[in-house]
Amino acid sequence: MRVPLIAGNWKMYKTVAEAVDLVDGLLAGLGNPSDREIVVCPPFTALHALSPLLRGTEIHLGAQDVYPEVQGAFTGAISPVMLRDLGCQYVIVGHSERRQIFGEGDALINRKLHSAMTHGLRPILCVGETKPERDSGRAESVVVGQLRGCLEGVAASAAADLVVAYEPVWAIGTGDTATPADAQSMHAAIRQVLAEILGSEAASSIRLQYGGSVKPDNVDELMAQPDIDGALVGGASLKADSFLRIVQFR
Ligand code: PEP
């Protein structure tokens, strides 16, 4: 009942021309996948060019971040209304690079999440522990704290639009993937906390993605886990052949 969701986070890669090339390659090789959902999250600068290319296709458009306000004196920020205007359906909030490099905390991420939902964007909420947090046995409590902080005030009725991505920080861009068993165990814990916050019916409908060095050679095993409903893919989403293989997980 949870349709698997594979999303590509292109981070700060691809000029407009390169982004168009990548989308052309994806559309050419994708076929007609009816049992899974696909999203690409290019940099803001490529959204306008990609929007008409993706309209009516199997690939949805997403953004990598959003500011909670609709408009105003917020230099450098992009509002949810602007993203909707460009055809975005999804937006990543709380990515660990936003948390670590740009100093974002759960309170701001919570505002972004509410604003995204209010304006018709489906948030992909990222949570995950650092290596020292895992090594000191605090991985689960860190993730639970992030979930509680970021989901403050979210109603169970909004759950259908929510996606949660578990992305252990030590696995992002390192080639060091969580084992399928470790990922499954954290996903089960996340679903349990979601049940406490939003109720068990809502929790069982929320898609949980794993992110952190997902590649063509590990995606099948990860996706075979019962609580892993998709993948958030960074590096391997930057080339059509590797992202297509991930999308075509078996
Ligand atoms: C990410 O950016 O969310 C990510 C998971 O990156 P990578 O797949 O490169 O580890």
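Conventions and cut-offs
- Residues numbered from 1 in each chain as written.
- Predicted model: local features only at pLDDT ≥ 70, side-chain atom pairs only at ≥ 80, totals over all residues.
- Heavy atoms only, no water.
- Helix = DSSP H or I, 4+ residues; strand = E, 2+ residues; numbered from the N terminus.
- Rg over C-alpha atoms; globule rule 2.2 N^0.38 Å.
- Contact = heavy atoms within 4.5 Å.
- Areas by Shrake-Rupley, 256 points an atom, 1.4 Å probe, with all protein chains shown as cover.
- Axes fitted to C-alpha atoms, helices over the stretch in contact; angles between N-to-C directions.
- Parallel < 35°, antiparallel > 145°, perpendicular 65-115°, else oblique.
- Left-handed = near helix turned anticlockwise from the far one by under 90°.
- Nonpolar A, V, L, I, M, F, W, Y, C, P; charged D, E, K, R; others polar.
- Near = heavy atom within 4 Å.
- Polar contact = N/O pair within 3.5 Å; in protein donor to acceptor, adjacent residues only side chain to side chain.

Chemist: Describe in detail the overall build of the protein, supporting the description with residues and values.
Modeler: Assigned secondary structure in the protein consists of eleven helices and eight strands. Expected size for 250 residues packed as a compact globule is a radius of gyration near 18 Å; at 17 Å, the protein falls within 12% of this value. For the C-alpha atoms alone, the extent of the protein along its principal axes is close to 45 × 45 × 35 Å. Partitioning the intrachain contacts of the protein with sequence separation of at least 6 by distance along the chain shows that 73% fall at a separation of at least 24. Summed over all atoms, the accessible surface of the protein reaches about 10,800 Å², with 52% contributed by carbon and sulfur.

Chemist: Quick one: what's the story with the packing of helix 1 (residues 16–30) against helix 11 (residues 240–247), residue by residue and with numbers?
Modeler: Between helix 1 and helix 11, the least distance of the axes is 9 Å, while the angle of their chain directions is 40 degrees. By the angle between their directions, the pair helix 1 and helix 11 is classed as oblique. Crossing geometry of helix 1 relative to helix 11 is assigned as right-handed. Across the interface between the two elements, Leu 22, Gly 25, Leu 26, Gly 29 and Leu 30 of helix 1 pack against Ala 240, Phe 243, Leu 244 and Val 247 of helix 11. Tallied by class, the residues present in the contact of helix 1 with helix 11 amount to seven nonpolar, two polar and no charged.

Chemist: Describe the site of the ligand, and please don't skip the residues or the numbers.
Modeler: Lys 11, Glu 167, Gly 173, Ser 213 and Gly 234 are the nearest of the 14 residues found near the ligand. Contact between the ligand and Gly 173: an oxygen atom at 2.6 Å from a main-chain N or O atom of the residue. Calculation on the ligand without its partners gives an accessible area of 290 Å², and the protein chains cover 98% of this total.

Coordinates in, geometry out; function isn't part of it.
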